Amino acid sequence: MTLQPGTLSLSDVSVEIAGKRLVEAISFDVAPGEMVGLLGPNGSGKSTLLRTIYKVVKPVTGTVLVNGQDVQRRSSAWVAQNVAAVLQDMPADFPLTVRDVVTMGRSAHKAVLEPDTAHDRDLIDAALRLQGLEDLSSRSFRTLSGGERQRALLARALVQQPTILVLDEPTNHLDILFQLSLLEFVRELGITIVAALHDLNLAARFCDRICLMDGGQMAALGTPEDVLTSERVEAVYGVKMLVERHPGTGNVFLLPV
Ligand SMILES: Nc1ncnc2c1ncn2[C@@H]1O[C@H](COP(=O)(O)OP(=O)(O)OP(=O)(O)O)[C@@H](O)[C@H]1O
């Protein structure tokens with residue numbers, strides 16, 4: 001059986017740092033083109049779990065298979081060719097332009113010091129254009145606003161041409177229009193996405209399934225309708241929420257009571 005590109009499989013993944021279990025026996029599969037949202041309170045282990053997918057953290061138990069391959073047994077270069085990550089609060093105190101930062105995404109597919117080709121430049125131009133960054137391309141990355149930086153980092157991930165996109169709170173610095181357009185945009189890419197999100201309503205609208213984390217464990221996994229019940233949200237977040245159907249989209253939406 002051949003696996004379609006974009007298959008992700010987490011099996012019994014646990015992470016321990018400094019003797020503390022931060023993630024406990026998480027298992028789920030993500031199908032090609034599916035978007036799974038990781039939800040959960042602050043400190044519930046979302047970022048730590050995401051780090052195991054792009055091989056920055058090594059699990060103490062379990063495996064992460066990307067396209068059927070155990071990421072721990074593959075090189076960082078192989079992982080970068082298959083998985084791109086857009087992270088929150090990336091350090092910005094370096095003297096690179098926006099274009100330089102986006103260009104870094106191509107390094108996953110190139111040897112050290114290999115010059116850019118016309119194909120690389122086309123991809124970089126297209127990603128800058130898609131993220132509305134053409135006019136900012138020669139600006140220093142560190143002078144960008146939080147939202148502009150986020151879009152530049154997404155452009156960098158796009159030129160990496162991943163089969164799986166990992167997003168860690170991608171809408172953090174974005175105004176509501178950019179939150180919606182970013183999530184619409186990444187959904188239309190048609191690639192596999194795992195995204196840590198804090199906004200339950202955006203997650204309900206854009207994710208096929210939700211993995212709800214609580215204290216490093218999986219509290220629930222399923223469709224937004226199945227996972228985001230008022231009882232479960234109150235149990236995990238400690239907040240009473242009214243769960244309704246959005247009259248326009250038909251998605252569930254939640255309001256604090
Ligand atoms: N390198 C580390 N050393 C010690 N503890 C860590 C380390 N990294 C994460 N933690 C702890 O692990 C727990 C989970 O952190 P993680 O960042 O994965 O949570 P999160 O769900 O992404 O949180 P948030 O929503 O606040 O971003 C937290 O209690 C955090 O303090």
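The structure this text deals with has already been given above.
Remember, predicted model here, so these are calculated numbers, not experimental data.

K.L.:
What is the right way to look at the overall build of the protein in this model?
P.N.:
Secondary structure assignment for the protein yields 9 helices and 12 strands. Over its C-alpha trace the protein gives a radius of gyration of 18 Å, about what one expects of a compact globule, namely 18 Å for 257 residues. Seen through its C-alpha atoms, the protein measures out along the principal axes to roughly 55 × 40 × 40 Å. Expressed as a percentage of the 257 residues in the protein, the buried residues total 41%.

K.L.:
I'm lost on the packing of helix H4 (residues 118-130) against helix H5 (residues 146-159) in this one. Help?
P.N.:
Axes are the key here: two packed helices are described by the angle between their axes and the distance separating the axes. One can describe the packing of H4 onto H5 by two numbers: an axis separation of 9 Å at closest approach and a directional angle of 145 degrees. The two elements H4 and H5 meet at a crossing, and its hand is right-handed. Packed against H4, whose contacting residues are Leu-123, Ile-124, Ala-127, Leu-128 and Leu-130, the element H5 presents Ala-155, Leu-158 and Val-159 at the interface. Among the residues making up the contact of H4 with H5, the classes are represented as 8 nonpolar, no polar and no charged.

K.L.:
Help me out: how do you make sense of the nonpolar core in this one?
P.N.:
Soluble globular proteins: nonpolar side chains tend toward being buried together. Judged by nonpolar contacts, the single largest core of 74 residues is most densely connected at Val-166 and Val-194. The greatest single-element share of this core, amounting to 7 residues, is contributed by H5. Aside from chain neighbours lying at most four places away, what touches Val-194 is Leu-8, Val-30, Val-36, Leu-38, Leu-50, Ile-53 and Val-166.

K.L.:
Honestly, unusual backbone geometry in this entry has me stumped. Any pointers?
P.N.:
Trans peptide bonds make up the majority, and among non-glycine residues the majority have a negative phi. Despite not being glycine, Asp-12 has its phi angle at roughly 55 degrees, a positive value. Within the secondary structure, Asp-12 sits in strand E1 (residues 8-17). Overall, the presence of 12 C-beta atoms within 10 Å leaves Asp-12 in the exposed class. The phi dihedral of Asn-67 is positive, around 50 degrees, even though this residue is not glycine.

K.L.:
What's the story with the sheet that holds strand E2 (residues 20-30) in this structure? I'm lost.
P.N.:
In any sheet, the strands associate via hydrogen bonds between backbone groups, in a parallel or an antiparallel arrangement. Read across the open sheet, the 4 strands follow the order E2-E1-E4-E5; overall the sheet is antiparallel. The sheet is open, and its two edges are formed by E2 and strand E5 (69-70), each paired on a single side.

K.L.:
How do you make sense of the pairing of strand E6 (residues 83-86) when you look at a structure like this?
P.N.:
Across a regular strand the side chains alternate sides, sitting on one face of the sheet and then on the other. What you see with E6 is no split at all: Val-83 and Ala-85 on one side and Ala-84 and Val-86 on the other are buried throughout. Of the pairings in the sheet, the one linking E6 to strand E7 (residues 164-168) comprises 4 bridges and is parallel in character. Counted as the bridge partner of Val-86 is Leu-167 from E7.

K.L.:
Just checking my understanding: could you explain the site of the ligand for this structure?
P.N.:
Around the ligand lies a shell formed by Ile-17, Ala-18, Leu-22, Gly-40, Asn-42, Gly-43, Ser-44, Gly-45, Lys-46, Ser-47, Thr-48 and Ala-196. Grouping the constituent residues of the shell around the ligand by class yields 4 nonpolar, 7 polar and 1 charged.

K.L.:
In this structure, what is going on with the sheet that holds strand E10 (residues 217-222)? I would like to understand it.
P.N.:
Spatially, E6-E7-E8-E3-E9-E10 is the arrangement adopted by the 6 strands of the open sheet, whose pairing is mixed. The sheet terminates laterally at E6 and E10, the two strands that pair on one side only. Between one strand axis and the next, the sheet turns through 15 degrees on average, direction left out of account. Bridge count between strand E9 (residues 209-214) and E10: 5 bridges; the pairing is antiparallel. Bridge pairing in E10 places Met-213 opposite Met-218. The strands touched by helix H1 (residues 46-53) are strand E3 (35-39), E6, E7, strand E8 (192-196) and E9; relative to E8, the strand with the most contacts, the crossing angle is about 150 degrees. Contacting E6 and E7, H5 crosses the sheet at an angle of about 175 degrees to E6.

K.L.:
Mind showing me how you'd approach helix H6 (residues 176-189) here?
P.N.:
The terminal C-alpha atoms of H6, which comprises 14 residues, lie 20 Å apart, in line with the 20 Å expected from a rise of 1.5 Å per residue. Residues of H6 that are buried: Leu-182, Leu-183 and Val-186. Projected down its long axis, H6 carries its buried residues within an arc of 90 degrees, all on one side. When the buried face of H6 is taken as reference, the exposed residues oriented beyond 90 degrees from it are Ile-176, Leu-177, Glu-184 and Glu-188. The elements touched by buried residues of H6 are H5, E7, E8 and helix H7 (200-206). After H6 finishes, the residue Gly-190 shows a positive phi value of roughly 80 degrees.

K.L.:
Would you mind showing me how to read the environment of Arg-245 here?
P.N.:
Counting through the fold element by element, Arg-245 comes out in strand E11 (residues 241-245). Taking the C-beta count within 10 Å as the criterion, Arg-245 has 11 such neighbours and is therefore assigned exposed. Along the primary structure Arg-245 and Leu-8 are separated by 237 residues, whereas in three dimensions their C-alpha atoms are 30 Å apart. Ignoring sequence-local partners within four residues, the contact set of Arg-245 consists of Gly-250 and Val-252.

Cut-offs and rules
Residues numbered from 1 in each chain as written. Predicted model: local features only at pLDDT ≥ 70, side-chain atom pairs only at ≥ 80, totals over all residues. Helix = DSSP H or I, 4+ residues; strand = E, 2+ residues; numbered from the N terminus. Rg over C-alpha atoms; globule rule 2.2 N^0.38 Å. Buried ≥ 20, exposed ≤ 12 C-beta atoms within 10 Å, placed from the backbone. Axes fitted to C-alpha atoms, helices over the stretch in contact; angles between N-to-C directions. Left-handed = near helix turned anticlockwise from the far one by under 90°. Contact = placed C-beta atoms within 7 Å. Nonpolar A, V, L, I, M, F, W, Y, C, P; charged D, E, K, R; others polar. Core = buried A, V, L, I, M, F, W, Y, C linked by C-beta atoms within 7 Å. Pairing = 2+ DSSP bridges. Near = placed C-beta within 6 Å. Expected span 1.5 Å × (residues − 1). Arc of directions from axis to C-beta.

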